[in-house]
Amino acid sequence: MRNYFDLTGQTAVVTGASTGLGVQMAEAFASQGANIVLLARRQTLLDKNAEEIERKFGVKCLAYACDITDTERVKSAVKKTMEAFGRVDILVNNAGTGAVAPAVDITDEQFNNELKIDLFGSFICAREFAKEMIKAKYGRIINIASMYGLVGNMAAACAPYHAAKGGVVNMTRALAAEWGKEGITVNSICPGYFWTPLTKETLETDRFAEYAKGAIPLGRYGREGELDTCALFLASPASSYVNGQNIAVDGGYTAI
């Protein structure tokens, strides 16, 4: 039986790969045979994750400390990737942050930081890694946006996050339109409520748990692994005619 998600011999770069969803997606790609490049700011965590991925899946894994808002560091990450593997097939822009506070209390610094990391950082990585993809006439770029990039919310005030992720959603369309002729597809995943180090404190509160039951048609938060299949599909040759799409993996939150 054909494995439509086979990534054997390919190279997948995942940002924000020190914890949470980034590590889970990296492991999903590795399980399908891809060599992995882990990017985040904390080298110790990256080294630990790389060792575990190599042990579990028998692929090669490069761990490289990288601040995605630092253009020169991102360029260095591209160079290290090409030196290690000679190719880059998949980029997942997963690194991000989240400022939660009433809009009237958000500072200029908080708003700018949100845009710098979630939006501009994703653009820098896409721009620099796409240069190698364009040479190869092949690439899969997956931006991790958010369902909050598609809609507003009445549960947790976070206007800068909405603004940044909304920017990621439309940047996805723009890059898809520009790079499609180069053999590169650009899509985004818009996750709903998943457990991560950034969301854990909020999701654990009784108030938010009660809200989620009514707001999510499936009546629960996302479970570990439930984002991976969407990422695998968008990363694989099976999604060759899917381009410029923003796919909500949210239990139906944006359907109502």
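Preceding this section is the structure that the text describes.
Below you will find a few notes about this structure. Since this is a predicted model, take the numbers as computed values, not measurements.

The next point concerns the sheet that holds strand β6 (residues 184-191). The strand order across the open sheet built from 7 strands is β3-β2-β1-β4-β5-β6-β7, with neighbouring strands paired in parallel fashion. Every interior strand has two partners, whereas the edge strands, β3 (61-65) and β7 (246-249), have only one. For this sheet, the mean angle separating the axes of adjacent strands, direction not counted, is 15°. In this sheet, strand β2 (residues 35-40) lies alongside strand β1 (residues 11-15) in parallel orientation, the contact comprising 5 bridges. Bridging from a neighbouring strand, Thr-15 pairs with Leu-39 of β2. Against the sheet, helix α4 (residues 108-136) makes contact with β1, β2, β4 (90-93), β5 (139-144) and β6, and its axis sits at roughly 175° relative to β4, the strand it touches most. Contacting β5, β6 and β7, helix α5 (residues 159-179) runs over the sheet at an angle of about 160° to β6.

On to the side chain of Glu-182, then. Structurally, the position occupied by Glu-182 is in the loop between α5 and β6. Residue class for Glu-182 comes out buried when judged on its relative accessible area of 15%. Beyond its immediate chain neighbours, meaning those up to four positions away, Glu-182 contacts Met-133, Ile-134, Lys-137 and Tyr-138.

Look at any regular strand and the pattern is simple: side chains alternate between the two faces of the sheet. Of all 5 residues that make up β1, 5 are buried, and the element is covered over most of its length. The two faces of β1 match: Thr-11, Val-13 and Thr-15 on one face and Ala-12 and Val-14 on the other face are all buried. One crossover worth recording links β1 to the parallel β2 by way of helix α1 (residues 20-31), and it is right-handed.

Positionally, Asp-6 belongs in the segment before β1. By relative accessible area, Asp-6 is classed as partly exposed at 36%. For the pair formed by Asp-6 and Ser-236, sequence separation is 230 residues and the distance between their alpha carbons is 6.9 Å. There is a polar contact of 2.6 Å between the side chain of Asp-6 and the side chain of Thr-8.

Basis of the calculations
Residues numbered from 1 in each chain as written. Predicted model: local features only at pLDDT ≥ 70, side-chain atom pairs only at ≥ 80, totals over all residues. Heavy atoms only, no water. Pairing = 2+ DSSP bridges. Helix = DSSP H or I, 4+ residues; strand = E, 2+ residues; numbered from the N terminus. Axes fitted to C-alpha atoms, helices over the stretch in contact; angles between N-to-C directions. Contact = heavy atoms within 4.5 Å. Buried < 20%, exposed > 50% of the residue type's maximum accessible area, 1.4 Å probe, protein only. Right-handed = clockwise from strand over helix to strand, strands pointing away. Polar contact = N/O pair within 3.5 Å; in protein donor to acceptor, adjacent residues only side chain to side chain.

Just geometry here; none of it tells us what the structure is for.
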